[in-house]
Amino acid sequence: MSYTNKYLKIDLTTKKVEFGQTEKKLIEQYIGAKGMGFALLNRLNPSPAPFDPENPLIFINGPFTGTKMQTSARTTLVTRSPLTGCAQDSHCGGSFGPRLKFAGYDYLYITGKSEKPVYIYINEDKVKILDASELWGKGIFFINDELIKRHPGIDPRVAAIGPAGENLSKISCIGIDKHRQFGRGGVGAVMGSKNLKAIVVDGNIPVKYFDEAKFKELNLEATKNVLNNPNVKFRRLKGTMKCVRSCQNNEILPVKNWQKVQYEEFEKISSETTREELNWEDTGCYNCSIRCSKWARWDGHEIEGPEYETTAFLGSSCEISNIKDVAYGNEICNDLGLDTISAGGTVGFAMECYEKGLMEDTKGLKLNWGNAEAQRELLKQMSYRTGLGEIFADGTREAALKIGKGSMDFAIQICGMELSGINPKGSLTMGVAMSVADFASHTRLWIAESENGPDFKIIDILPAVFEGIDATNVRNSMVVCDFLPLGLPVLAGILNAATGSNHTAENLLKIGARINHLSRAYNLRNGRSEADDTLPARFFNEESLGGFMKGKKLERDYFKSFIKEYYNMRKWDDNGKPTEEVLKEFELI
């Protein structure tokens, strides 16, 4: 089967290293990755403070990670987020996850706190905890290159934090292969709180399959379908940046800190302009023929990107229209270790605070809209907690609490998490989805354009959100990319051939629902409440500009009716808490 059936646990306080067997019941109930990670977090550390040494970092693969399945680069990190206080799953491409599996492990479970900075080296034969004192303070680009030089091996891959993670920024990320990230929720700060600078993984143990002939047959057919899919061909050409134009056309682009849904200068940050200005070269993750990622090379600089979400927040949300400026900001975030969604959203919030005159001392920064130089400087200050970075290093909610003066109304976050790049002013559907999901992200469910389709009605919102979240939970537990155009019936067949399981699309959806109930119970226990299941005040105080609500103000009671009905569909009580009946039904008590 495509699991290694082995895990590695490291306690950085005691330096103790343990090996164990992956529990079969966890595989049956949760598959892997997000689902299994949440189950482990809930069981072993049900309520750790985010910066408590016992809050684990769980680097966890799915059964498809490292296989010949398309998009098998995907891997997952689970911890408790310092940004939201909730369970956090972050997903990443690149090659780190496959190398962890080739080293022989389904997951790596890290707890404790080292007295001094360290990094971890893992391969098939050994696990080492090594001194990283001289690496502390360095950027992710340097760390990646330096550790590969120290540990040449077969094909070593590095997960590292930058200064933002070291300084416990609640919007810091973990960099993978330099330009990929476990991005959301401040996971870099959890790593930094453990004095863990980096992890190097390497190995070459082949993946085994339950029925290799059947797996090859089904996977070959699926791969042909993927290669012939017109949306895949379009995505390969345009990258995720195709969404700049589609979000502009569908009136859902975040512009000027979510005040508008269309950007007059969007062409200057479009996919077409980016390909030309940044000399794009197509590239992709491990074993992926979609190749949506792009090498950008300009004026002596090189990054993978920028992606759509990065461009929406470092670009249109700050009214920055030069794609090279967006790419510079992206490069800073990648090296210093900031999540570009939260960081860009926070800079947009800072610019609006500056425009409104809410900050008494801006430390010499002129944060007017479109000022790319000021954006770059603020990103650096946020990473190092210097200057204005002391206010903005932990995202929009924390900044609004410090600034006050009504700024919380336009701090665009749900339960602390900055929203992904679909503007609820043009999409009631995504507003509902991000409000009820375990955190406010497009990675929970993407149905952004549905609202503008001819056949999608308001009554379709809740059924689409209900089933979509469950299906995405399953995909994030296998793990496959959001861009893989294969449905659950096809994925179930391939999964069964790989692992020897007997899944159907129907029972996979039940697993997705189990994950949803588990995460909801965990999050409520750790501080989330019904009051968090809503949108920021801006979306009620100002007129909607697109979608079902275009030309109207979204009424709070009307929006709340969607949330209450969603609770009812889930068999949760009036406060959004899973009932004893549903917890028993899904074997959670």
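The notes below deal with the structure included here. (Residues numbered from 1 in each chain as written. Predicted model: local features only at pLDDT ≥ 70, side-chain atom pairs only at ≥ 80, totals over all residues. Heavy atoms only, no water.)

Some thoughts on the sheet that holds strand β3 (residues 57-60)
For clarity, the cut-off: Strand pairing requires that DSSP identify at least two bridges connecting the strands. Where helices and strands are cited, they refer to DSSP runs of H or I of at least four residues and of E of at least two residues respectively, numbered from the N terminus. Lines are fitted to the C-alpha atoms to define the axes, a helix being fitted only along its stretch in contact, and any angle between axes, read from their N-to-C directions, falls within 0 to 180 degrees. It only takes one pair of heavy atoms within 4.5 Å for two residues to be counted as in contact.
What the 6 strands build is an open sheet, ordered β2-β1-β6-β3-β4-β5; its pairing is mixed. This sheet does not close on itself; its edge strands, each paired only once, are β2 (16-20) and β5 (87-92). Taking each pair of neighbouring strands and ignoring which way they run, the sheet shows an average axis angle of 15 degrees. In this sheet, strand β4 (residues 75-80) lies alongside β3 in antiparallel orientation, the contact comprising 3 bridges. For Phe59, the partnering residue across the bridge sits in β4 and is Leu77. The sheet strands contacting helix α2 (residues 33-44) are β3, β4, β5 and β6 (107-111), and the helix crosses β4 at an angle near 25 degrees.

Some details on the side chain of Asp89
Basically, it comes down to this: Polar contact is defined as a pair of N or O atoms within 3.5 Å, subject to the rule that within protein one atom must be able to donate a hydrogen and the other to accept it, and that residues adjacent in sequence are counted only when both atoms are side-chain atoms.
Note that Asp89 resides in strand β5. Polar side-chain contacts of Asp89 include one of 2.6 Å to the side chain of Arg444. Here Asp89 is in contact with Lys34, Phe38, Thr76, Leu77, Val78, Asp438, Phe439, Arg444 and Asn476, once residues within four sequence places are set aside.

Topic: the nonpolar core
Put simply, the test is: Note on terminology: a nonpolar core comprises buried Ala, Val, Leu, Ile, Met, Phe, Trp, Tyr and Cys residues joined through side-chain atoms within 4.5 Å. Working definition: with a 1.4 Å probe on protein chains only, accessible area under 20% of the residue-type maximum means buried, over 50% means exposed, and in between means partly exposed.
Ranked by size, the top nonpolar core spans 92 residues in total, and within it Phe349, Leu367, Leu378, Phe392 and Val465 carry the most contacts. For this core, the element with the highest residue contribution is helix α13 (residues 340-355), accounting for 7 residues. The residues contacting Phe392, other than those within four sequence positions of it, are Ile171, Thr346, Phe349, Ala350, Met359, Leu378, Met382, Ala399 and Ile403.

Description of the environment of Glu221
With respect to the helices and strands, the residue Glu221 is situated in helix α7 (residues 212-228). Separated by 269 residues in the primary sequence, Glu221 and Val490 have C-alpha atoms spaced 9.9 Å apart.

Details of the pattern of salt bridges
Using the following cut-off: Salt bridges are defined as contacts in which a side-chain nitrogen from Lys or Arg sits within 4 Å of a carboxyl oxygen from Asp or Glu.
Enumeration according to the criterion identifies 47 salt bridges in this entry. Here Glu265 makes a salt bridge to Lys268, at a shortest N to O gap of 2.6 Å. Assessed through its relative accessible area of 32%, Glu265 is described here as partly exposed. Across the salt bridge formed by Asp282 and Lys294, the nearest N and O atoms sit 3.0 Å from each other. On the criterion of sequence distance, the pair formed by Asp282 in strand β13 (residues 281-283) and Lys294 in strand β14 (residues 293-298) is long-range, its members being 12 residues apart. Because the salt bridges share partners, they merge into one network encompassing Glu352, Lys356, Lys425, Arg538 and Glu542.

Overview of unusual backbone geometry
The omega torsion across Gly305 and Pro306 is -10 degrees, close enough to zero to call that bond cis. Residue placement: Pro306 occurs in the loop between β15 (301-304) and α11 (308-314). In this structure, Asn195 takes a positive phi of about 60 degrees despite not being glycine. Relative to the helices and strands, Asn195 is located in the loop between α6 (187-193) and β12 (196-201). Of the residues examined, Asn195 reaches a relative accessible area of 14% and is grouped as buried.

Let's talk about the packing of aromatic side chains
The line we're drawing: Note on ring pairs: Phe, Tyr and Trp rings are taken, using the six-membered ring of Trp, and paired if centres are within 6.5 Å. Classes follow the plane angle, with under 30 degrees stacked, over 60 edge-to-face and the rest tilted. Only when the NZ of Lys or the CZ of Arg is both within 6 Å of the ring centre and within 35 degrees of the ring normal is a charge said to sit over the ring.
Tallied over the entire structure, the rule returns 16 aromatic pairs. Each ring, one from Phe349 and one from Phe410, has its centre 5.4 Å from the other, and the planes form 40 degrees; the classification is tilted. Taken together, the positions of Phe349 in helix α13 and Phe410 in the loop between α16 (395-403) and β16 (413-414) put the pair 61 residues apart, joining distant regions of the chain. Classification of Phe349 as buried rests on a relative accessible area of 0%. An aromatic cluster is present here, built from Phe59, Phe96 and Phe182 joined pairwise through their rings. The ring centre of Phe410 lies 5.1 Å from the NZ or CZ of Lys356, which sits over that ring. Between the NZ or CZ atom of Arg570 and the centre of the ring of Phe466, over which it lies, the distance is 4.0 Å.

Some words on helix α4 (residues 140-150)
For α4, the full list of buried residues reads Ile140, Phe141, Ile143, Asn144, Glu146 and Leu147. On its buried side, α4 packs onto β7 (118-122), β9 (157-160), β10 (174-176), β12 and α12 (323-336).

So, the packing of helix α20 (residues 505-525) against helix α22 (residues 556-570)
Note the following rule: For this classification, under 35 degrees means roughly parallel, over 145 means roughly antiparallel, 65 to 115 means roughly perpendicular, and everything else is oblique. Each crossing gets its hand from how the near helix is turned against the far one by less than a right angle, where anticlockwise is left-handed and clockwise is right-handed. Under the scheme applied here, ten amino acids are nonpolar (Ala, Val, Leu, Ile, Met, Phe, Trp, Tyr, Cys and Pro), four are charged (Asp, Glu, Lys and Arg), and all others, including Gly, are polar.
With their axes 12 Å apart at the nearest point, α20 and α22 run at an angle of 120 degrees to one another. With respect to α22, the axis of α20 lies oblique. The element α20 and its partner α22 pack so that their crossing is left-handed. Of the residues in α22, those in contact with Ala513, Asn516, His517 and Arg520 of α20 are Tyr566, Tyr567 and Arg570. Residue composition of the contact of α20 with α22, by class: 3 nonpolar, 2 polar and 2 charged.

Considerations on the pairing of β9
Looking at chain direction, β9 and β12 are connected through 4 bridges and run antiparallel. Bridge pairing in β12 links Arg157 to Val201. Relative to β10, β9 runs antiparallel, the two sharing 2 bridges. Counterpart to Ala159 in the pairing with β10 is Ile176.

Regarding the sheet that holds β9
The 6 strands lie next to each other as β8-β7-β12-β9-β10-β11, forming an open sheet whose pairing is mixed. The open sheet is flanked by β8 (127-131) and β11 (180-182), the only strands paired with a single partner. Averaged over all neighbouring strand pairs, the angle between strand axes comes to 20 degrees, with direction disregarded. Where β7 and β12 come together, 5 bridges link them in parallel fashion. Among the inter-strand pairings, Val118 is bridged to a residue of β12, identified as Leu196. Contacting β7, β8, β9, β10 and β12, α4 runs over the sheet at an angle of about 140 degrees to β9.

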